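# Structure at a glance
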Amino acid sequence: MIIGSCLIDLILYEVCSLKEKRQIIKSIIGRIQSRFNVSIAEVDLNDLWQRSQIGFVCVTTSSRHANQIINNVVKFIQNDSRVEIIKTNIEIL
């Protein structure tokens, strides 16, 4: 069993409130859950309205497949114009 995990720090530039931030993050998380077989949540920076940290995990049988899934999710987030990725931390266990 191979576990791939990723933490992504995000900046949301055009957000003016926590309510707006939560709507955007909830939308991104929902779209990722429907397209990819990963467990995902906002894991830190909940009270900052222009920053967020999202974590997601996949379980698979090969490290190559785990890397592929993680890269696809990261690309999906990069293509969302509402957020910018600051930092990505990937671990394969």
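Keep in mind that what you see is a predicted model, and the values were worked out from it rather than measured.

### Description of the environment of Ile25
Relative to the helices and strands, Ile25 is located in helix H1 (residues 18-35). A relative accessible area of 2% places Ile25 in the buried class. The spatial distance from the C-alpha of Ile25 to the C-alpha of Glu42 is 7.6 Å, given a sequence separation of 17 residues. Contact partners of Ile25, with chain neighbours within four places excluded, come to Leu10, Leu12, Glu42, Ser52 and Ile54.

### Observations regarding the packing of aromatic side chains
Working definition: an aromatic ring pair is given by the centre-to-centre distance plus the angle between the planes. Per the stated rule, a full pass over the model turns up one aromatic pair. Between Phe36 and Phe76, the ring centres sit 5.8 Å apart and the planes meet at 75°, which makes this aromatic pair edge-to-face. With Phe36 in the loop between H1 and strand S2 (39-44) and Phe76 in helix H2 (residues 63-78), this residue pair connects regions lying 40 residues apart in the sequence. In terms of burial, Phe36 and Phe76 fall into one category: buried.

### Some remarks on the side chain of Asp9
Take Asp9: it is sitting in strand S1 (residues 2-11). Summary of buried charges: Asp9 has no salt-bridge partner, and the nearest side chain of opposite charge, Arg51, is 4.4 Å away. Of the polar contacts made by the side chain of Asp9, one reaches the side chain of Gln53; its length is 2.7 Å. Excluding its chain neighbours within four sequence positions, the residues that come into contact with Asp9 are Arg51, Ser52, Gln53, Glu84, Ile85, Ile86 and Lys87.

### Some thoughts on the confidence of the model for the protein
Mean pLDDT over the protein stands at 90; residues scoring 70 or higher make up 100%. For the protein, per-element mean pLDDT is lowest for S2, which scores 90, and highest for S1, which scores 93.

### Observations concerning the side chain of Gln53
Relative to the elements of secondary structure, Gln53 occurs in strand S3 (residues 51-60). The exposure class of Gln53 is buried, given its relative accessible area of 15%. Contacts of Gln53, omitting those with residues within four sequence positions, involve Leu7, Ile8, Asp9, Ala41, Glu42, Val43, Asp44 and Leu45.

### Thoughts on the nonpolar core
Among the nonpolar cores identified, the biggest contains 25 residues, and Ile8, Leu10, Ile32, Val38, Phe56 and Ile77 are the most heavily contacted of them. The set of elements that each furnish at least two residues to this core consists of S1, H1, S3 and H2. Of the residues forming this core, the biggest block, seven residues, is contributed by H2. Setting aside its immediate chain neighbours within four residues, Phe56 contacts Gly4, Ser5, Cys6, Ile8, Val38, Ser39, Ile40, Ile70, Val73 and Val74.

Cut-offs used in this document
- Residues numbered from 1 in each chain as written.
- Predicted model: local features only at pLDDT ≥ 70, side-chain atom pairs only at ≥ 80, totals over all residues.
- Heavy atoms only, no water.
- Helix = DSSP H or I, 4+ residues; strand = E, 2+ residues; numbered from the N terminus.
- Buried < 20%, exposed > 50% of the residue type's maximum accessible area, 1.4 Å probe, protein only.
- Contact = heavy atoms within 4.5 Å.
- Phe/Tyr/Trp six-rings, centres within 6.5 Å; stacked < 30°, edge-to-face > 60°.
- Lys, Arg positive; Asp, Glu negative; His and termini not counted.
- Salt bridge = Lys/Arg side-chain N within 4 Å of Asp/Glu carboxyl O.
- Polar contact = N/O pair within 3.5 Å; in protein donor to acceptor, adjacent residues only side chain to side chain.
- pLDDT = per-residue confidence, 0-100.
- Core = buried A, V, L, I, M, F, W, Y, C linked by side-chain atoms within 4.5 Å.

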